[in-house]
Amino acid sequence: MTWLVVMLGLGSAARAEEIRATPVAMDGASGEAGAAAEGDRSPIDGVVGHYGIGYFTSSAPLGLRYWTDRDTAYDLGLDGAFSSGGVDAYRYGFELGYVKALAHYHYSVVFWRAGVGFRYLDTLGTPSTKGRYDVNGNAFVGAELFLGAFGFPNISLQGGYGLQAAYTYQGGSALIVGTVPGGLSVISSGTFGFHIYL
């Protein structure tokens, strides 16, 4: 685990230096900065084309975010666990998400995100129960705040809030609709998530 932390730290430092060293494109006719002008600056410009490792929704907490341009990104989240004790149980799942930027600021971007996910849960041994299948769709509005002011333009914090609809099948079915936090829940009324762009 220590080597993973060291590798992420080194990659993060190298990526931050690369972002700081990226020249601003100039408009040859006017000599003014083009898309990255002071009034049109976005932290996304420095991470387009790079993968962001981080935490996502609680149903698929570990995954990747990839910005294809300053307004569009895609998420892939993964989930998996195994527990042993009186009854051995396991689960696995994934979630795909589409992110659309709504507004850009110097160190942050406001966005909306829609996602669809799948999760399977089951037990091993005796007594054994029928496997449970969960399919969910969610949408939320959130913000990604980049830590460029602290010298880490490739690290961001994320939060948001929205709605989720889930269909569960386990020998029967139920449809559940409710609010869902966008990110990793820290307290019952708050959310928190992060990305490290490499």
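All of these numbers come straight from a predicted model, not from anything done at the bench.

Asker: Go over the overall build of the protein chain with me, naming the residues and quoting the values.
Answerer: When its secondary structure is counted, the protein chain shows one helix and ten strands. Helices and strands in the protein chain line up, N terminus first, as α-β-β-β-β-β-β-β-β-β-β. Split into buried and exposed, the 198 residues of the protein chain put 33% on the buried side. Pairs at least 24 residues apart make up 52% of the contacts formed inside the protein chain by residues separated by at least 6 positions. Counting every atom, the protein chain has about 11000 Å² of accessible surface; 66% of that belongs to carbon and sulfur.

Asker: Quick rundown of the pattern of salt bridges? Include the residues and the values.
Answerer: A side chain of one charge can pair with a side chain of the opposite charge if their charged atoms are brought near each other. In this structure the tally under the stated criterion is eight salt bridges. A salt bridge links arginine 65 to aspartate 75; the nearest nitrogen and oxygen atoms lie 2.7 Å apart. Of this pair, arginine 65 sits in strand 2 (residues 62–69) while aspartate 75 sits in strand 3 (residues 72–83), and the two are ten residues apart along the sequence. The exposure class assigned to arginine 65 is buried, which follows from its relative accessible area of 0%. Given a relative accessible area of 4%, aspartate 75 falls into the buried group.

Asker: Describe the environment of glycine 115, naming the residues involved and giving the relevant values.
Answerer: By the secondary structure assignment, glycine 115 is in strand 5 (residues 108–124). Sequence separation between glycine 115 and glutamate 95 is 20 residues; the distance between their C-alpha atoms is 6.7 Å.

Asker: Tell me about the side chain of arginine 113, and please be specific about residues and values.
Answerer: Secondary-structure assignment places arginine 113 in strand 5. Side-chain polar atoms of arginine 113 contact the side chain of glutamate 95, separated by 3.0 Å. If we skip the residues at most four places from it in the chain, arginine 113 touches Phe56, Thr57, Arg65, Asp75, Glu95, Leu96, Gly97, Tyr98, Val99, Asn138, Ala139 and Phe140.

Asker: Can you break down the packing of aromatic side chains residue by residue, with the values?
Answerer: Within this structure, the stated rule accounts for twelve aromatic pairs. Ring geometry for tyrosine 92 and tyrosine 120: centres 5.6 Å apart, planes at 45°, overall tilted. With a gap of 28 residues between them, tyrosine 92 in strand 4 (residues 88–104) and tyrosine 120 in strand 5 connect regions that are remote in the sequence. Since its relative accessible area comes to 10%, tyrosine 120 is described here as buried. Ring geometry for phenylalanine 146 and tyrosine 197: centres 5.9 Å apart, planes at 25°, overall stacked. A residue pair is termed long-range when its members are at least 10 positions apart, and phenylalanine 146 in strand 6 (residues 132–147) and tyrosine 197 in strand 10 (residues 191–197) qualify at 51 residues. An aromatic cluster is present here, built from Tyr90, Tyr92, Phe94, Phe118, Tyr120, Tyr133 and Tyr169 joined pairwise through their rings. Looking at arginine 65, its charged tip hangs above the ring of phenylalanine 111, at a distance of 5.2 Å from the centre.

Reading the values: rules and limits
- Residues numbered from 1 in each chain as written.
- Predicted model: local features only at pLDDT ≥ 70, side-chain atom pairs only at ≥ 80, totals over all residues.
- Heavy atoms only, no water.
- Helix = DSSP H or I, 4+ residues; strand = E, 2+ residues; numbered from the N terminus.
- Buried < 20%, exposed > 50% of the residue type's maximum accessible area, 1.4 Å probe, protein only.
- Contact = heavy atoms within 4.5 Å.
- Areas by Shrake-Rupley, 256 points an atom, 1.4 Å probe, with all protein chains shown as cover.
- Salt bridge = Lys/Arg side-chain N within 4 Å of Asp/Glu carboxyl O.
- Polar contact = N/O pair within 3.5 Å; in protein donor to acceptor, adjacent residues only side chain to side chain.
- Phe/Tyr/Trp six-rings, centres within 6.5 Å; stacked < 30°, edge-to-face > 60°.
- Lys NZ or Arg CZ within 6 Å of the ring centre and 35° of its normal.

What is shown is where atoms sit, not what they do.
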